Amino acid sequence: MTTDQLTTPSSFWNDTGKTGIASWIFSTDHKRIGLLYFYSTFGFFLVGVLLGLLLRLELIAPGRTIMGPETYNATFTVHGVVMIFLFIIPGMPGAFGNLIMPIQIGARDVAFPRLNLFSWWLYVIGAVIVLTSLFTGGGPPDTGWTFYVPFSARTGTNVSLAVLGVFTVGFSSILTGLNFVTTIHRLRAEGMTWGRLPLFVWSIYATAWVQILATPILGITLVLIMAERILGAGLFDPGRGGDPIMYQHLFWIYSHPAVYIMILPAMGVISDVIPVFARKPVFGYKMIAFSSIAIAAAGSLVWGHHMFTSGMSDTAILVFSFLTFIVAIPSAIKVFNWVSTLYKGSISLEAPMLFALSFILLFSIGGLTGLILGAAATNIHVHDTDFVVGHFHYVMFGGTGFAFFSAMHYWLPKFYGRKYAEKPAIVAWALMFTGFNILYFSMMVLGLKGMPRRYYDYLPEFAPLNLVATIGSWILAAGLIVMLVNLFRGLFWGEPVGSNPWGGATLEWSIPTPPPTENFEEEPVVTHGPYDYTKAGVP
Ligand code: HEM
Ligand SMILES: [Cu+2]
């Protein structure tokens, strides 16, 4: 192809009307909004990475290295808040949910395009409020991303503003959920039955319900913190008849389901990437789709596993522990089905697939260590140690992060019309995979040995592994830089790609690259399932 891809007359890059920056920040096109979300959430990911590297640098040796205890507290809090509320929760639905889901169901846009734009704006406003909290009032919050009372009610740092920012971002998440549920119910093309929905759409659908049902609880909880701080309401202060444990319940009733907002769309990406690069229909389509819903439902009942040491009753501990084990079943079903899809496939190891395969391994390590934490007896020993930090980075970074990178390599060329170079992508993947495991495996071992989390200093016996972990973080960062340079150089100046570079059978591969403004010249009539590769490239 010799023509400049981005100037194809009908491409969404040229839709007329507004120009310049206004054509982006006031656009109601789901593709433009998807890219806005992509750049804003991924930008915050990079901010979070920088803070994470600073944490690791402080921990390279015992004692003070680059920052004192107060700064360390603020740094891990802002690292956590940025990564959770500004990157990983809004990232996948906002960026790839928006870019891909409407096309995969054969729609021209989401059900409420203007509400979609409003959601992005709310996200930006919330993010700006969070950033403002760092430089105003008593300075950056130092409570940890969980804002636990009574400390969060008393600390002089700027918790109120940070909480208001997170509250605003939460609204954005609820509205996105409503928009996506409506879109998937109402805007599927003719022939796009529920049994033909790509698994990514199923996962976005399950996620959207969690966004709608769980996020309001976080909203209320955050408002209560503000009431506590600003009005002295005494809701969580035992001195005034309040109950601090109540806060933990309210917080985790949202925040455990929120981990499914983080991981379900990632599982959807993997379910779409694995069959394409194994050149085989997905194994157990119905079970994968059903397990997304099962995870979303069962996951709503397990929040107490974050509170085993809080003084809950033995009955509550037993029930929450048992229910936690139940959630492992649908997750394991997915892993089994992905591995079965690989079995006897003709596997092609390009970048999206390498990231997807590492997702399976890293997510499995994250999930299995989650069971160690879910069992009350073992939990007590590793509670609040680096074992927990290792565990959740395996799930959130090794899982969702790597799935996000897979999606970036797999889907972004569709929107830019150009592709990254394969060899540097593989080098980047190898560096990241190696660095990641050195970093977080060391932290898990440290946790088992008793190294507590959220401390800027530690006993000398923990020094060697902390040094190893910090070196791991540099290898990881080096891989990240190679990936970014290669990916963006490719998207803007790389080799042009056609409409279906990977041979996929879902609808996004049946329209031109880059997609036209309204996706489909005429409404598609879907005649086959999403993994029927004999029909690749046709609706
Ligand atoms: C290069 C990348 C990263 C590095 C080096 C890093 C490093 C760290 C370290 C050392 C801590 C522990 C602080 C402590 O307990 O003393 C931490 C905590 C945390 N990280 Fe990361 N991290 C990275 C990426 C991520 C990602 C991608 C996510 C989520 C998407 C994430 C989410 C969190 C959260 C939620 C905490 C807990 C904060 C708290 O205790 O309140 N991190 N990180
Ligand atoms: Cu949980």
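Residues numbered from 1 in each chain as written. Chains lettered and ligands numbered in written order. Predicted model: local features only at pLDDT ≥ 70, side-chain atom pairs only at ≥ 80, totals over all residues. Heavy atoms only, no water.

Below, the discussion takes up the overall build of the chain. In terms of regular secondary structure, the chain is built from 15 helices and two strands. Scaling as 2.2 N^0.38, a compact globule of 539 residues should have a C-alpha radius of gyration of about 24 Å, and the chain matches this with 23 Å. Referenced to the eigenvectors of the C-alpha coordinate spread, the extents of the chain come out at roughly 65 × 45 × 45 Å. Counting across all 539 residues of the chain, residues that qualify as buried make up 59%. (Helix = DSSP H or I, 4+ residues; strand = E, 2+ residues; numbered from the N terminus. Rg over C-alpha atoms; globule rule 2.2 N^0.38 Å. Buried < 20%, exposed > 50% of the residue type's maximum accessible area, 1.4 Å probe, protein only.)

Now for the coordination of the copper ion (ligand 2). Within the protein, His256 (ND1), His305 (NE2) and His306 (NE2) serve as the donor atoms for the copper ion (ligand 2), at 1.6 to 2.0 Å. Counting along the primary sequence, the residues that act as donors to the copper ion (ligand 2) give the motif H-x48-H-H. In this pair, histidine 256 is assigned in helix α8 (residues 244–278) and histidine 305 in the loop between α9 (285–298) and α10 (314–342), connecting sequence segments 49 residues apart. For the pair histidine 256 and histidine 305, one class covers both residues: buried. (Donors = N, O, S within 2.8 Å, 3.2 Å for Na, K, Ca; no water.)

Attention shifts here to the site of ligand 1. Taken together, the neighbourhood of ligand 1 is formed by 27 residues, with Tyr72, His79, His393, Arg453 and Arg454 sitting nearest. In the environment of ligand 1, an oxygen atom lies 2.5 Å from a nitrogen or oxygen atom belonging to the side chain of tyrosine 72. Mapped by element, the contributors of at least two residues to the shell around ligand 1 are α2 (30–58), α3 (69–104), α13 (386–416) and α14 (422–449). The greatest single-element share of the shell around ligand 1, amounting to seven residues, is contributed by α3. Of the residues belonging to the shell around ligand 1, the class tally is 19 nonpolar, five polar and three charged. (Near = heavy atom within 4 Å. Polar contact = N/O pair within 3.5 Å; in protein donor to acceptor, adjacent residues only side chain to side chain. Nonpolar A, V, L, I, M, F, W, Y, C, P; charged D, E, K, R; others polar.)

Bringing the confidence of the model for the chain into the picture now. The predicted model of the chain has a mean per-residue pLDDT of 94, with 98% of residues at 70 or higher. Scored below 50 in pLDDT, residues 1–5 makes 11 contacts in the model with residues more than four places away or belonging to other chains. (pLDDT = per-residue confidence, 0-100. Contact = heavy atoms within 4.5 Å.)

As enumerated under the stated definition, the model contains seven salt bridges in all. Of the charged contacts, one joins lysine 419 and glutamate 422 as a salt bridge, the two residues approaching to 3.3 Å between their closest N and O atoms. Overlapping salt bridges, with partners in common, bring together Arg154, Asp237 and Arg240 in one network. (Salt bridge = Lys/Arg side-chain N within 4 Å of Asp/Glu carboxyl O.)

Let's shift gears to the coordination of the iron atom of ligand 1. In this structure, His79 (NE2) and His393 (NE2) serve as the protein donors to the iron atom of ligand 1, at separations of 2.0 to 2.1 Å. In this structure, the iron atom of ligand 1 is surrounded by six donor atoms whose angles at the metal cover 83 to 179°, and the resulting shape is octahedral. Of this pair, histidine 79 sits in helix α3 while histidine 393 is found in helix α13, placing the two residues 314 residues apart along the sequence. Accessibility expressed as a relative area gives 14% for histidine 79, which makes it buried. (Tetrahedral: all angles 85-135°; square planar, octahedral: opposite > 155°, others 65-115°.)

The next thing to look at is the packing of aromatic side chains. Under the criterion given, the structure shown has 59 aromatic pairs. Between the aromatic rings of tyrosine 72 and phenylalanine 76, the centroid separation amounts to 5.7 Å while the plane-to-plane angle is 65°, which identifies the pairing as edge-to-face. Taken as a pair, tyrosine 72 and phenylalanine 76 lie in helix α3 at a separation of four residues, close to a single helical turn. In terms of burial, tyrosine 72 and phenylalanine 76 fall into one category: buried. The ring of tryptophan 24 is capped by arginine 32, whose NZ or CZ atom sits 4.5 Å from the centre of that ring. Above the plane of the ring of tyrosine 420 lies lysine 419, whose end atom (NZ or CZ) is 4.6 Å from the centre. (Phe/Tyr/Trp six-rings, centres within 6.5 Å; stacked < 30°, edge-to-face > 60°. Lys NZ or Arg CZ within 6 Å of the ring centre and 35° of its normal.)

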